[in-house]
Amino acid sequence: MNFHTLAARGGRDVASASRPLTAPIYQTNVYVFEDVETVESVWEGKTPGYVYGRYGTGNHTMLEDLVARLEGAEAAVACASGMGATTALLLGLFSAGDHLVAARDLYGTTASFLSSEGARLGVETTFVDATDTGRILEACSPRTRAVFVEALSNPLLLLADLPALSAGLEPRGIELIVDASMASPAVLRPIEHGATLVMHSLTKFISGHGDMTGGLVLGRKENMDRLREAMIRAGTNLGPFDAWLAVRGARTLGVRLERQSATALLLAQLLEHHPAVARAHYPGLPSHPQHVLARRLMPGPMGAILSVDLGGGALAVERLMARTRLLEFAPSFGDVATTWTYPARTSHRRLSDADKAAMGIGPGLVRLSVGLEDPGDLIQDLQQALE
Ligand SMILES: *Cc1c(COP(=O)(O)O)cnc(C)c1O
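(A) Representation of the overall build of the protein. Per the secondary structure count, the protein includes 14 helices and 12 strands. Here the protein has a C-alpha radius of gyration of 23 Å; the compact-globule value for 387 residues is 21 Å, and the two agree. Each of the 387 residues in the protein was classed as buried or not, and the buried ones make up 51%. Sequence separation of at least 24 residues holds for 72% of the intrachain contacts in the protein that already meet a minimum separation of 6. Surface accessibility of the protein: about 18300 Å² in total, with carbon and sulfur atoms responsible for 53%. Computed over 34 positive and 41 negative side-chain charges, the inter-centroid distance for the protein is 2 Å.

(B) Fine view of the site of the ligand. Contacts to the ligand come from Ser-81, Gly-82, Met-83, Tyr-107, Glu-150, Asp-179, Ser-181, Ser-201, Thr-203, Lys-204, Gly-214 and Phe-333. One of the backbone N or O atoms of Gly-82 is found 2.8 Å from an oxygen atom in the ligand. A distance of 2.7 Å separates an oxygen atom of the ligand from a polar side-chain atom of Lys-204. For the ligand, whose free accessible area comes to 380 Å², the fraction covered by protein is 91%.

(C) Layout of unusual backbone geometry. Of note, the amide linkage connecting Asn-154 to Pro-155 takes the cis form, showing an omega dihedral of 0°. Take Pro-155: it is sitting in the loop between strand E4 (144-150) and helix H7 (162-169). In this model, Leu-157 sits at a positive phi of 55°, which is unusual for a non-glycine residue. We classify Leu-157 as buried; its relative accessible area is 1%.

(D) Just the sheet that holds strand E12 (residues 365-369), in detail. Read from one edge of the open sheet, 5 strands run E8-E9-E12-E11-E10, paired in mixed fashion. Looking at the sheet topology across the chains shown, the edges are occupied by strand E8 (277-281) and strand E10 (328-329). In the sheet, strand E9 (residues 305-310) pairs with E12 via 5 bridges, with the strands oriented antiparallel. What sits directly across from Ile-305, in E12, is Ser-369. Sheet contacts for helix H12 (residues 313-323): E9, E10, strand E11 (339-341) and E12; angle to E9, the most-contacted strand, approximately 125°.

(E) The arrangement of a negative patch on the surface in detail. There is a patch of like negative charges on the surface, built from Glu-34, Asp-35, Glu-37 and Glu-40. Tracing the backbone shows Glu-37 in helix H2 (residues 36-43). Looking at Glu-37, the relative accessible area reads 67%, which means it is exposed.

The rules behind each value
Residues numbered from 1 in each chain as written. Predicted model: local features only at pLDDT ≥ 70, side-chain atom pairs only at ≥ 80, totals over all residues. Heavy atoms only, no water. Helix = DSSP H or I, 4+ residues; strand = E, 2+ residues; numbered from the N terminus. Rg over C-alpha atoms; globule rule 2.2 N^0.38 Å. Buried < 20%, exposed > 50% of the residue type's maximum accessible area, 1.4 Å probe, protein only. Contact = heavy atoms within 4.5 Å. Areas by Shrake-Rupley, 256 points an atom, 1.4 Å probe, with all protein chains shown as cover. Lys, Arg positive; Asp, Glu negative; His and termini not counted. Charge placed at Lys NZ, Arg CZ, Asp CG, Glu CD. Near = heavy atom within 4 Å. Polar contact = N/O pair within 3.5 Å; in protein donor to acceptor, adjacent residues only side chain to side chain. Pairing = 2+ DSSP bridges. Axes fitted to C-alpha atoms, helices over the stretch in contact; angles between N-to-C directions. Patch = residues over 30% accessible without salt bridge, like charges linked within 9 Å, V, L, I, M, F, W, Y side chains within 5 Å. Salt bridge = Lys/Arg side-chain N within 4 Å of Asp/Glu carboxyl O.

Worth remembering: the numbers are spatial, not functional.
This is the structure in structure tokens:
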């Protein structure tokens, strides 16, 4: 081979009688075939193999298999982001004329996606209070294709009664979609409670280290096949390196969430009685309005997110921002670093004050995502800031 040929083609194949303990990153956008029969067979899914980057690589399969097994799902489809996963759901599952019943406190971008793009594609969404099972079932009509709720709502950590919803929806053939990004399968596995489709923003707890953006949908194989086709055509595919990062993060999901949830409970218990705090919201507190349901759906750790209402309102929030040293203000969650955010001015900023008040989001409400730091250091930082 001459210089240019060597540069273009050399250094590709390595001989090895051993295999790597950690999977390699298949950073390729196309695969090479040896004969036409194999091309056809792989293309038709009869022989395991890969074709082209947008269709997936080994890293996507590893991620999908791993999280599917953690959730107890038949299959999964990895997507470019949580919103990419919702796009695959909308395009793969719904047709014009279909109706959807959704939680009124759904993640803001999901709600606006459904009421803008969803509506333009002919899918009508009715938003209702997801804690009211009767109200959700009443909102369903013969056109209703699915109900879409979150396992734990943002920012008040409210739960939908998944077993009761499932009992009402299943006989009517209505899918129950649960966005479980705030919980993760280490905390709540919706399929065990009757959900038929689960989605995750991998950006949050599953990857867990604040270094990638990704999403995943899980459910029955027939649904995942339809979603995968839609995802491939729509091009909301995840990159192989991000799939690899999500798997790397998921390896420690269980231990992270055990520790992060234990610290979250400790902070919730302390903050609930702090004079600067009017109210603490955490499913593990007996004062949580759905504590009994929470215990039933989350028999182990109850998640790393809590919210507190500062009695001093907006001024108290500004002071907290100026005085915290260890806690970082960042409008996301799920990292190993403890972060906090201010829903009234970030995720819920587009709502009117009246709508915010109706949803229980006051001017003093802050949401904490608890990380892996020493609990004593976190308590000290919060206490000195709240003084
Ligand atoms: C972040 C988030 C999403 C969107 O995920 P991206 O990865 O940012 O697209 C959807 N639902 C919930 C509950 C989220 O927290």
